[in-house]
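One letter stands for each residue in the lines below.
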Amino acid sequence: MIAVAKKLKKMSIKTKVKIIIALLLTAATFFAMPAFAWFNHNRQIAELQKVKTPDLLFISNACAEDVRTFDISTLQVSTEVGAPTSQSFPFAVAGEYVTSFTLQFAHTTNNPFVYKIYYGDILYYNNAVCTTPASARNAITALNTQNTAYNTANPEEPPKKADYSFDTDVVEYKVGATWSAINEFDRDNLYGISEDETIYILKSECIKSGAQDGSDYLNATVDNGRVIAKSDTDYSEGDHNYHEDSYEDYDVVNKYAEPLYWQKTGILSVPESESSSWGGNPFFRTFILDIAWDPAEISNKETDMLYLSAYRDY
């Protein structure tokens, strides 16, 4: 140490300044390394979060097939005695990494159709998806028995429906290929459903009732006994004006071209009993859109537009 001190004394001031600067830079580099590592670590965490929590949500056909195969372009309306007066269309909300979502439905009212929406429960019997009418009927019988027992044991709870009918409450459906937009969806293993199978879907809980007073819509009014949307002049001060959402400040709109709006929030992506173990797996939640009519009131010269959308709840 004494020898080093003597050498320092003999050095010029310029040399001493260079040595001090070098020591300070070395110390600064040493102390900066942990901070740089911390910032780099957090940047990498942020990148991983973006990869692992995407917001993927789609309207699809009933079992997560391409939405282009969901066709509601034609209704089989007939005035013949005994002809059907309703038609059901299964569809689904599908995706990944979404715990719950909001489903929205809107339509014009050129024809007085009555729209209902149900949760669509794919029928299983003896732990296998029902692929024949016989197994689907057995599943309905078992469900009715189960619901009757529940109602008896829980009289203080809202009753569960115990009179489902195969003929009126079940929709036959042929499964298509899974949609490539939903990555690596192993539907066979997750749901036991394969392409080209015929399965049976139950119209279970009704979430849009088609009430004749329009109470299940956000912007309905009744005009001569018919449910239509409010016009631009029907809104009270402070009300949300759905006409402005549709047409902004354009006010020359036929009353039947004003769309009715409906929505339901907080729909679980998978049943509550499975949600804790499902994680980020791909999913689909099936629904059934039921359209009913009075043949005498339907015009074959009118067309209505229907809109379905879904977005993630936060």
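Residues numbered from 1 in each chain as written. Predicted model: local features only at pLDDT ≥ 70, side-chain atom pairs only at ≥ 80, totals over all residues. Heavy atoms only, no water.

### Some details on the sheet that holds strand E4 (residues 114-122)
Next up, step 1: Pairing in this open sheet of six strands is antiparallel, and the strands run E1-E2-E12-E4-E8-E7 from one edge to the other. Either end of the sheet is taken by a strand with one partner, and the two such strands are strand E1 (56-61) and strand E7 (170-174). Strand-to-strand twist in this sheet, taken as the mean axis angle between neighbours without regard to direction, amounts to 35°.
Next up, step 2: The pairing of E4 with strand E8 (residues 198-208) spans five bridges and is classified as antiparallel. By the bridge assignment, Ile122 is partnered in E8 with Ile201. (Pairing = 2+ DSSP bridges. Helix = DSSP H or I, 4+ residues; strand = E, 2+ residues; numbered from the N terminus. Axes fitted to C-alpha atoms, helices over the stretch in contact; angles between N-to-C directions.)

### Concerning helix H3 (residues 133-153)
Next up, step 1: Between its first and last C-alpha atoms H3 spans 30 Å; for 21 residues at 1.5 Å apiece the expected length is 30 Å, and the two agree.
Next up, step 2: Ser135, Ala136, Ala139, Ile140, Asn144 and Asn147 are the residues of H3 that are buried.
Next up, step 3: Those residues of H3 hidden inside the fold are in contact with strand E5 (124-125), helix H4 (166-169), E7 and E8. (Expected span 1.5 Å × (residues − 1). Buried < 20%, exposed > 50% of the residue type's maximum accessible area, 1.4 Å probe, protein only. Contact = heavy atoms within 4.5 Å.)

### A few points about the packing of aromatic side chains
Next up, step 1: Per the stated rule, a full pass over the model turns up 13 aromatic pairs.
Next up, step 2: With a centroid separation of 6.1 Å and an interplanar angle of 80°, the aromatic rings of Phe185 and Tyr191 are classed as edge-to-face. Side by side, Phe185 and Tyr191 carry an identical accessibility label, which is buried.
Next up, step 3: Ring pairs connect the aromatic residues Phe70, Phe91, Phe101, Tyr119 and Phe287, which therefore count as one cluster.
Next up, step 4: Over the face of the ring belonging to Tyr150 we find Lys160, whose NZ or CZ atom lies 4.3 Å from the ring centre.
Next up, step 5: One residue, Arg226, lies across the ring of Tyr256, its end atom 4.3 Å from the ring centre. (Phe/Tyr/Trp six-rings, centres within 6.5 Å; stacked < 30°, edge-to-face > 60°. Lys NZ or Arg CZ within 6 Å of the ring centre and 35° of its normal.)

### Topic: the pattern of salt bridges
Next up, step 1: Within this structure, the stated rule accounts for six salt bridges.
Next up, step 2: The partner of Lys208 in a salt bridge is Asp216, with the nearest N and O atoms 3.0 Å apart. (Salt bridge = Lys/Arg side-chain N within 4 Å of Asp/Glu carboxyl O.)

### Concerning the nonpolar core
Next up, step 1: Core analysis: the biggest nonpolar cluster contains 48 residues, and Phe284 and Phe287 have the highest contact counts within it.
Next up, step 2: Sort the elements by how many residues they give to this core and strand E12 (residues 283-292) lands first, with six residues. (Core = buried A, V, L, I, M, F, W, Y, C linked by side-chain atoms within 4.5 Å.)

### Some details on the confidence of the model for the protein
Next up, step 1: For the protein, mean pLDDT is 84; residues scoring 70 or higher make up 79% of the total.
Next up, step 2: Confidence, expressed as mean pLDDT per element, reaches its minimum in the protein at helix H2 (residues 13-52) with 49 and its maximum at H3 with 98.
Next up, step 3: Taken as a whole, residues 28-33 scores under 50 in pLDDT and shows zero contacts with residues more than four places along the chain or in a different chain.
Next up, step 4: For the stretch residues 35-54, pLDDT sits under 50, and the model shows four contacts to residues farther than four places along the chain or on other chains. (pLDDT = per-residue confidence, 0-100.)

### A word on the pairing of strand E10 (residues 226-229)
Next up, step 1: With four bridges joining them, strand E9 (residues 220-223) and E10 adopt antiparallel strand pairing. From the neighbouring strand, Thr221 faces E10, where its bridge partner is Ile228.
Next up, step 2: Here E9 folds back onto E10, and the loop between the two strands holds two residues, one of which, Asn224, carries a positive phi near 55°.

### Notes on the side chain of Glu65
Next up, step 1: Looking at the element boundaries, Glu65 is found in the loop between E1 and strand E2 (86-96).
Next up, step 2: The charged side chain of Glu65 is buried without a salt bridge, its nearest counter-charge being Arg187 at 4.1 Å.
Next up, step 3: There is a polar contact of 2.9 Å between the side chain of Glu65 and the backbone nitrogen of Gly176.
Next up, step 4: If we ignore the near neighbours within four places in the chain, the residues touching Glu65 are Ser60, Tyr173, Val175, Gly176, Ala177, Trp179 and Arg187. (Lys, Arg positive; Asp, Glu negative; His and termini not counted. Polar contact = N/O pair within 3.5 Å; in protein donor to acceptor, adjacent residues only side chain to side chain.)

### Considerations on the environment of Glu65
Next up, step 1: The exposure class of Glu65 is buried, given its relative accessible area of 3%.
Next up, step 2: For the pair Glu65 and Ala177, spaced 112 residues apart in sequence, the C-alpha separation works out to 5.8 Å.
Next up, step 3: A polar side-chain atom of Glu65 sits 3.4 Å from the main-chain amide nitrogen of Ala62.

### Structural notes on the side chain of Ser60
Next up, step 1: By the element assignment, Ser60 lies in strand E1.
Next up, step 2: When near neighbours in sequence (up to four residues on either side) are disregarded, Ser60 contacts Glu65, Val67, Phe91, Ala92, Ala94 and Trp179.

### Some thoughts on a negative patch on the surface
Next up, step 1: The grouping of Glu244, Asp245, Glu248, Asp249 and Asp251 at the surface amounts to a negative patch.
Next up, step 2: With respect to the helices, strands and loops of the structure, Asp251 is situated in the loop between helix H6 (242-247) and strand E11 (260-268). (Patch = residues over 30% accessible without salt bridge, like charges linked within 9 Å, V, L, I, M, F, W, Y side chains within 5 Å. Areas by Shrake-Rupley, 256 points an atom, 1.4 Å probe, with all protein chains shown as cover. Charge placed at Lys NZ, Arg CZ, Asp CG, Glu CD.)

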